[in-house]
Amino acid sequence: MKRPKKSKSASHSPWVRLAALRPRFSAFMLDWASWGFIAYGVMYLLNKYWYIRHVNFYGRLTLPGWGWPVVIIATFELALLSHAFSQSIGLSLFGLRLFGPEYAPVPFRRRLARFVALHVGLVLQPLALFGDRPLGSLVHDSDKTGRMLLVAKVKDDLPAEKPRKWYTTYRGLFLAGLLALTFWLGWKITTINLQMLVERIGKSGHIWKDLFTPRFTYLTEPVIPGRTFSLVHYMLETIFMAFFATVTGAIVAFPLSFLGARNIMGFNAFGWLIYSVMRTLFNALRSIESILMAVLFAVWVGFGNPFAGALALFLHTIAALAKLYSEQVEAVDPGPLEAIATTGARRWQVVAYGVIPQIIPSYLAFTLYRWDINIRMATIIALVGGGGIGTLLFYFKNEVGRLDDAWNQVGAVVVAIVVVVWALDYISARVREKIG
Amino acid sequence: MTPQDQYYAGFMSKRPSWTKALRAYRKDLGALIADFVVLIALWGLSSFIWNDLVHGTRDFISVAPWIMLVVCFELALVWESFAVSPGMRLFGRRATDDRNGRAVIGRRFLRVLLLHGLPLFILPILVTTRYIPWQDRLAGFRSVSAAEVPDPRKPWYRTSWMVALAGLAVAMYLASALFTQVDLVKLFTNASATSEIWARIVNPDWSILGLGVRLLIVTLFMAFMATLFGVLVAVPLSFLAARNLAHGIIGRTIYTVLRILMSIVRSIQPFIWAIIFVVWVRTGNAPFAGGLALFVHSVADLTKLYSERLESIDPGPVEAIRSTGANGLQVILYGIVPQIINPYLSFTIYRWDINVRMATIIGLVGGGGIGQRLLQLTRNWVWDQAIVLMLLIMVAVWAMDYSSSRLRERLN
Amino acid sequence: MEELIRIDRLTKVYERGEVLAVNDISFTVKRGEFLVLIGLSGSGKSTLLRCINRLIEPTAGQIVFDGIDVTKASARQLRQLRRRMAMIFQQFNLVKRSSVLTNVLSGRLGYVNPGASAIHKFPKEDLESAFANLERVGIPEQAYKRADELSGGQQQRVGIARALMQRPDLLMADEPVSALDPATAHSVMQYLEQMNQEDGVTVIASLHFLSLARRYGTRILALKDGEIVFEGLPAEIDAAKFKEIYGEEAEEVEVR
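Residues numbered from 1 in each chain as written. Chains lettered and ligands numbered in written order. Predicted model: local features only at pLDDT ≥ 70, side-chain atom pairs only at ≥ 80, totals over all residues. Heavy atoms only, no water.

Asker: Tell me about the pattern of salt bridges, and please be specific about residues and values.
Answerer: Taken as a whole, this structure holds 38 salt bridges over all chains when the rule is applied. Notably, a salt bridge pairs D141(A) with R114(A), separated by 3.1 Å at the nearest N-O pair. Here R114(A) lies in helix 5 (residues 108-124) and D141(A) lies in the loop between helix 5 and strand 2 (147-150), a separation of 27 residues in the sequence. The class for D141(A) is buried, based on a relative accessible area of 8%. As a salt-bridge pair, D136(B) and R111(B) come within 2.4 Å of each other at their nearest N and O atoms. Taken together, the residues span a long stretch of sequence, with D136(B) in helix 7 (residues 134-137) and R111(B) in helix 5 (residues 105-115) at a distance of 25 residues. Each member of the pair, D136(B) as well as R111(B), carries the same accessibility label: buried. The network of salt bridges with common partners includes R376(A), D425(A), R266(B), D301(B) and R351(B). (Salt bridge = Lys/Arg side-chain N within 4 Å of Asp/Glu carboxyl O. Helix = DSSP H or I, 4+ residues; strand = E, 2+ residues; numbered from the N terminus. Buried < 20%, exposed > 50% of the residue type's maximum accessible area, 1.4 Å probe, protein only.)

Printed below as a string of structure tokens:
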């Protein structure tokens, strides 16, 4: 292929230049954020250990008014430093590297000059959107201060280099430090206390004993006649609830998945709009777990009604399946579609004859997998009034102290859950194996 | 033959002949049981639908159970002798007339009669170590595997097994709709019950944002710690739970015990684990309890994912390293680890993603984090604050989802 | 001979103006010709072919097919034009999980009643001609198999049968034999030759090997970096021309 002469790049519009700067911007924001995280962690731990200021249970930090600007500016400077003097994690994640002329490494003094130039350049950066700079360069990029280039674009011209051990690079040490800090912080924030765990083992000893001696008193008998049902009934309710939600969800998700597939919709602006709206909707719906949706539906159709659970699972299933499905549609082999388009077929005929046969097996596999997940969720959705086997689980759990064999009954419910979940997991895995 | 097959071929080849006979027998028996189950399911589901719609009762059987069992058993036998049943399809069995023509009805009935004895046909295997399909021998049929007789091409609605399965699916769907009390009318008439919620949701009370963010941090750390410790435990366990690495009686025993244990632990939701851990750990340490629950589930899940990946590694490099005289640890370090490092990372990120999702809701049973406060708020009907927490969860989960999928893309 | 296609100053630019795939190309194809495009990988052969039926939108220029301007055709006109231009592909581009018969029948999608095609119902004469075409390419017994069960050569024959179903005026073949071994390659090329000579279908084929081009083409068009570097009869390509098209280090390879 032929590349047009270099002079053409001068004619890029400011928008194209702005888009080309995205990796550099993202890399810097990531570095800034990681330094911010370190600052937060250090302050938290300082407070925790030296009681400089009180830290409450959830780790509230109270800084004086001038404290925040100091933290923000300090972390900003640290990010700038790590950008000018080394290969920071942001730069390596977005595939950027600082090069001198002829891809030589940049010496320390030049880097110092770059750090100074970075400050001078801060206010002048909008100028980078105009003029005839190469794409993706900022005002402080020059032969003197080095140029920040995407490694992927210039990798053919790079001299061969021996990879360095991780503990000799700034990036490796930084990551290791970050991990250690996070670990320490996590230990404190999640209130991990192994000593207490061991000491209180006796407290839970009888629970384990009771759980392992389940009592199936209510296998087919209702727990409270007239008000609740039997274990088997609730188990069936769970399975059916999940089945209904999965099938209905799959039926709705099937057409939606084409609207959320870039290769089907992305031919014009209108299609692109629908695609984006659909994807945003899927992602938003998907990020709310169905048990949280069930809180609302329990109010809507009645507390303890399996319909509430089914609706919540259904809504979440649509989003989850539509996203998985549309990713499958995007991953289809484009060759056959091309071939069918050349026969003069309409767009939907291309979908019907080229896309659908390719995606059917993975659709089935995903639907089965979703049924699996829905069954698991259906076992606990009763906590917020969604019906199913969880009704009994939480009923007996709340009766602890009032009922002598409450934990034994919980054990029976857990055994029932394990059996059903395990069996369905096994069956669906076998079927998926067969399809795939 | 895939590399794995070659790898296992060693201990697969020395099978005594009676196990072969048993396997052939198992196919015929399996087909029969499968058909029996399909028929019972069809009967049960349709009578449930009938009873619910007509009598308003919720019974799966309205006759004596033994009648249902006997009738279904007989029907299964007839089905297998007169058509291709789902069970035969599943186990890849066909019965053809010896002369390759259409069997006369009399002989098909004879086959039905003989099939009654199928459960007893296991006895000759124990003596002769051979399986003789008497039901076909005596009725002049030939039992063959499906591969030997090509099926005539028929549209799905003209094959009994497809029609039956389609009917089963429809019945299952209808029954599930009735069982879960799906009521679209109620959905609309009762909508007003939620009007107050919607009214509060559209006016979020942002004063809880600060607390929400702090709770979110706790939640994220809960997921992080659970994943980290989960990985630390699951990585060594996965080597013990991989079939191709389990040698000797001790190795096989450990493998079997671990796999069973892990699949049991995995099928119990972190939620249920949290219930136990909340009692165990003091209530003041709620995030610890939630983290422990996530940790236990992560270990089981990751061990399964990891060891399955281990089982599908390419045995070639392992063999090559072993042939240089390397010891067990060296074989693992140089032959296996380079092959699994990226998939392991990918699974870990995937699990972290799941843990973040679970951590947001594990608080519902007292496991700490943002979910605990959210449940309190909804119970107290403070929806204007609850929606703020929900939005925070959405943002966190979405960000996690996005970054984890980007990271995994990069790994592959 | 009557002119079937006229291509006028065709240009295609990729990636925001950074790659010129086809640069200002003009030529005509006469009815009944067997035109062969040769050139290195990335010389623009595929792009050129795909511009003709607008699988790829050309950036500039004009393509006139049988008196109709393809570049200005509406979606509906384009579908009708595409019915008359069949295409076969390097990777066969069959729907792998569908049966061979369905793949062949999909060649009629532009003609049949769209409603009936939605439930995979085709007219009887289409079914008959599908079997006839499979017979013609020598694989009638494979009709009910899944497409991915077939060997590469057989898959390409299915591709030809699908093209035949369109009863095209023009057949475009995008490297039809570069995924096949030499013996199969010749048998596939012979089917194209047969279509060209017996049915009078105009063929434009892009080929990798000059020997194949010499054997089957009535005229050769050589592309390099998106520009035409040679146009003429197969016999006119000598060693010097060859070096110009394929570069200095190339050696001519014979495909038997």
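From this point, the narrative continues.
Asker: Run through empty space enclosed by the protein, naming residues and quoting values.
Answerer: All names here are of chain B. In this structure the tally under the stated criterion is five cavities of 30 Å³ or more. The space that makes up the largest cavity amounts to roughly 90 Å³. The wall of the largest cavity is formed by 13 residues, among which D28, E80, M88, R93 and R111 lie closest to the centre. Secondary structure elements with two or more residues in the lining of the largest cavity: helix 2 (17-55), strand 1 (93-97), helix 5 and helix 7. For the lining of the largest cavity, the class distribution of residues is five nonpolar, two polar and six charged. (1 Å grid on protein atoms, 1.4 Å probe; cavity = no way out; pocket = protein on both sides within 12 Å on 5 of 7 lines; lining within 4 Å. Points joined across faces, edges and corners; volume = space filled by probe spheres on them. Nonpolar A, V, L, I, M, F, W, Y, C, P; charged D, E, K, R; others polar.)

Asker: Report on the packing of aromatic side chains, specifying residues and quantitative values.
Answerer: Tallying each qualifying case throughout the model produces 45 aromatic pairs over all chains. Judged by centre distance (6.3 Å) and plane angle (55°), the rings of F85(A) and F115(A) are tilted. In this pair, F85(A) is assigned in helix 3 (residues 67-85) and F115(A) in helix 5, connecting sequence segments 30 residues apart. Taking the relative accessible area as the measure of exposure, F115(A) reaches 17% and is therefore buried. Measuring from centroid to centroid gives 5.5 Å for F99(A) and Y103(A), while their planes differ by 90°, and the two rings are edge-to-face. An aromatic cluster is present here, built from W208(A), F212(A), W273(B), F277(B) and W280(B) joined pairwise through their rings. The cationic tip of R108(C) hangs over the ring face of Y111(C); the distance from NZ or CZ to the ring centre is 4.2 Å. Note that R215(C) overlies the ring of Y216(C), its terminal NZ or CZ placed 4.2 Å from the centroid. (Phe/Tyr/Trp six-rings, centres within 6.5 Å; stacked < 30°, edge-to-face > 60°. Lys NZ or Arg CZ within 6 Å of the ring centre and 35° of its normal.)

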